[in-house]
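Spelled out, the chains give:
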Amino acid sequence: MTHPYTKYENTEMWKRIERLITELVDNHDIEEKTKREYIVGYICKDLLEAEKVKHTMKE
């Protein structure tokens, strides 16, 4: 099934965030109520947008 974050899949950022979420779930630190790809994709999107804002503030 497709989701709105497919462009971030297969990136190092996606892999790293997914690994971290897996660790948190496995340690029972968090419980997922949303599909994993939506969680990871949302975080990727927000981090990239924050990076863009950071760069524009330097100019």
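Up top is the structure.
## Side note on the overall build of the chain
Helix and strand counts for the chain stand at two helices and zero strands. A compact globule built from 59 residues would reach a C-alpha radius of gyration of about 10 Å, whereas the chain, at 13 Å, exceeds it by more than 25%. In terms of principal-axis extent, the alpha carbons of the chain reach across some 40 × 25 × 20 Å. Taking all 59 residues of the chain together, the buried fraction comes to 17%. Of the roughly 5,000 Å² of accessible surface on the chain, 53% is carried by carbon and sulfur atoms.

## Quick notes on unusual backbone geometry
A positive phi is found at N10, a non-glycine position, where the angle reads about 65°. With respect to the helices, strands and loops of the structure, N10 is situated in the segment before α1 (12–26). Given the relative accessible area of 69%, N10 is considered exposed. Its identity as a non-glycine residue notwithstanding, H28 has a phi of 60°, on the positive side. By the secondary structure assignment, H28 is in the loop between α1 and α2 (36–58). The class for H28 is exposed, based on a relative accessible area of 72%.

Basis of the calculations
- Residues numbered from 1 in each chain as written.
- Predicted model: local features only at pLDDT ≥ 70, side-chain atom pairs only at ≥ 80, totals over all residues.
- Heavy atoms only, no water.
- Helix = DSSP H or I, 4+ residues; strand = E, 2+ residues; numbered from the N terminus.
- Rg over C-alpha atoms; globule rule 2.2 N^0.38 Å.
- Buried < 20%, exposed > 50% of the residue type's maximum accessible area, 1.4 Å probe, protein only.
- Areas by Shrake-Rupley, 256 points an atom, 1.4 Å probe, with all protein chains shown as cover.

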